[in-house]
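Each chain, written out:
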Amino acid sequence: MNRHSESGMMIPLEKIIVLNKVPLFSMLKTEDIHMISTIASEEAYEDGHTLFYEGDIGDKLFIVVSGEVMILKNNKDGEEKHLATLKENDFLGELSLFDAETRTATARCNGQCTFLVIERNDMEQLAHEYPAIAFGFIKVLISRMRGMVLNKSSEKWIINHYH
């Protein structure tokens, strides 16, 4: 897919297509995704650019349009440990849309990356105007939390019964 217009920026329909592929928006209606596309801005960064550091205050959701993002966490010796690599259609910083807590890890571009970025203030305003959008996010976040709890419970059960 050609992701850019002649100006080099994504056109509105391209933003909607990208957002439709992101699991975070899976419970939303097409018109809700269209509304979100109006507040999503495109940002591009070079290899090695740090999107945010562990401990920074979060205020943006990043959706990976292209490239890879390494998620890193400092260990007790202050060395960075690689936790995960995010790719196209993955997202990071979703909790920062709802609170102003600190980031739990560092996110760094691994190669050239393009993102759709949604700022908390814009999302709050949109959620006030269109509560169904906030409700859709809540359903997805709860589903993800349940999955994490089930995975942790399974891990504990396996550890307790086989070790």
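Everything discussed here concerns the structure shown above.
Structure report, in brief.

Quick notes on the rules
- All residue numbers refer to position in the chain's written sequence, counted from 1.
- For a predicted model such as this one, the threshold for reporting local features is a pLDDT of at least 70, and the threshold for listing and counting side-chain atom pairs is 80 or more; totals across whole chains, interfaces and linings nevertheless cover every residue.
- Excluded from the side-chain calculation are hydrogens and water; included are all heavy atoms of the structure.
- A run of DSSP states H or I qualifies as a helix once it reaches four residues; a run of E qualifies as a strand once it reaches two. Both are numbered from the N-terminal end.
- Throughout this description, buried means an accessible area under 20% of the type-specific maximum (1.4 Å probe, protein chains only), exposed means over 50%, and partly exposed covers the range between.
- In what follows, residue pairs with any heavy atoms lying within 4.5 Å of each other are defined as contacts.
- Per-residue accessibility takes into account occlusion by the displayed protein chains alone, with areas from the Shrake-Rupley method and a 1.4 Å probe.
- The arc in question is the one spanned by the directions pointing from the helix axis to the C-beta atoms.
- The nonpolar core is taken to be a set of buried Ala, Val, Leu, Ile, Met, Phe, Trp, Tyr and Cys residues, with the residues joined through side-chain atoms within 4.5 Å.
- Working definition: a ring pair exists when centres of Phe, Tyr or Trp rings (six-membered ring for Trp) sit within 6.5 Å. Plane angles under 30 degrees give stacked, over 60 give edge-to-face, the rest tilted.

For the protein, the count of helices and strands is four helices and six strands. Each helix and strand of the protein, placed in order from N terminus to C terminus, yields the pattern α-α-β-β-β-β-β-β-α-α. Across the 163 residues in the protein, those meeting the buried criterion constitute 37%. Of the contacts made within the protein by residues no fewer than 6 positions apart, 73% connect residues no fewer than 24 positions apart. Surface accessibility of the protein: about 9,800 Å² in total, with carbon and sulfur atoms responsible for 54%.

Another aspect to go through is helix α3 (residues 120-129). Taken together, the buried positions of α3 are Arg120, Met123, Leu126 and Ala127. One face of α3 carries all of its buried residues, which in axial projection span an arc of 125°. Relative to its buried face, α3 has exposed residues pointing more than 90 degrees away, namely Asn121 and His128.

Time to look at the nonpolar core. One finds Leu24, Phe25, Ile36, Ile63 and Ile118 to be the most contacted residues of the largest nonpolar core, which totals 25 residues. Sorting the residues of this core by element identifies α1 (12-20), α2 (30-39), β3 (60-74), β6 (106-119), α3 and α4 (131-162) as the ones contributing at least two each. Tallying contributions element by element places α4 first for this core, with four residues. Contacts of Leu24, omitting those with residues within four sequence positions, involve Leu61, Phe91, Glu94, Phe137, Val140 and Leu141. In terms of nonpolar packing, the next biggest core, distinct from the first, is built from 14 residues, Phe62, Ile71, Leu86 and Cys113 among them.

Turning our eyes to something else, we now look at the packing of aromatic side chains. In this structure the tally under the stated criterion is five aromatic pairs. Ring centres 5.7 Å apart and planes at 80° place the aromatic pair Phe62 and Phe115 in the edge-to-face group. Linking Phe62 in strand β3 with Phe115 in strand β6, this pair joins segments that are 53 residues apart in sequence. Exposure remark for Phe62: the relative accessible area of 4% places this residue in the buried category.

Limitation: the analysis is restricted to geometry and does not speak to function.
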